[in-house]
Amino acid sequence: MKANPAMGAGALTAQAGQNTVQLVPLAATEVPPDRALEFWTKADGWAGPVSLGLVKPGEPVRIPLDKLPPLEPNQLFELTLEPKTGSPIGKPTGPIQFIGRAVKML
């Protein structure tokens, strides 16, 4: 996942086996004390993004597949900077910190 083309990758999402998706931080991310990182996903054709929850900077996160919408090709994953308790409206409100799309690895 990248914030912009000038930055290196900040995090990696990967399907670990058949039952989880993992977010692995690859770089330190500074988060103001009154803010939090929220993890989102959206596939083409969905009405809007789905929150995968708040994440702690620098800590990996494992999400069971049964807690996610179905994974699809080209699915978007992003981390946004939100209020400390998460987005107040159920969709991203803060600036995107990292963004990337799912690709199949052979």
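Quick note: structure is the one above.
Cut-offs applied
Residues numbered from 1 in each chain as written. Predicted model: local features only at pLDDT ≥ 70, side-chain atom pairs only at ≥ 80, totals over all residues. Heavy atoms only, no water. Helix = DSSP H or I, 4+ residues; strand = E, 2+ residues; numbered from the N terminus. Buried < 20%, exposed > 50% of the residue type's maximum accessible area, 1.4 Å probe, protein only. Pairing = 2+ DSSP bridges. Axes fitted to C-alpha atoms, helices over the stretch in contact; angles between N-to-C directions. Core = buried A, V, L, I, M, F, W, Y, C linked by side-chain atoms within 4.5 Å.

Visitor: What is the right way to read unusual backbone geometry from this model?
Guide: Glycine aside, a negative phi is what most residues show, and trans is what most peptide bonds show. Backbone geometry at Asn-74 places phi at a positive 65°, although glycine is not the residue there. Along the chain, Asn-74 falls in the loop between β5 (61-64) and β6 (76-83). Exposure remark for Asn-74: the relative accessible area of 35% places this residue in the partly exposed category.

Visitor: Which parts of the structure should I look at to understand the sheet that holds strand β4 (residues 50-55)?
Guide: Two modes of strand pairing occur in sheets, parallel and antiparallel, and in both the strands are linked by backbone hydrogen bonds. Ordered by their spatial adjacency, four strands build an open sheet running β4-β3-β6-β7, and the pairing between neighbours is antiparallel. Looking at the sheet topology across the chains shown, the edges are occupied by β4 and β7 (96-101). Recorded for the sheet is a direction-independent mean angle of 25° between the axes of neighbouring strands. Where strand β3 (residues 35-42) lies against β4, five bridges are found, and the strand directions are antiparallel. Looking across to β4, one finds that Glu-38 is bridged to Leu-54.

Visitor: Can you walk me through the nonpolar core in this structure?
Guide: Generally speaking, nonpolar side chains in soluble globular proteins are found buried as a group. Core analysis: the biggest nonpolar cluster contains 13 residues, and Leu-23, Phe-39, Leu-52, Val-55, Ile-63 and Leu-79 have the highest contact counts within it. Broken down by element, the residue count for this core peaks at three residues, all from β6.

Visitor: Help me out: how do you make sense of the pairing of β6 in this one?
Guide: Burial within β6 is extensive, with seven of its eight residues counted as buried. Both β3 and β6 contribute to a ladder of eight bridges, which runs antiparallel. Counted as the bridge partner of Phe-39 is Leu-79 from β6. Sheet topology note: the β6/β7 ladder contains five bridges and is antiparallel. Across the sheet, residue Phe-77 finds its bridge partner in β7, namely Gly-100.

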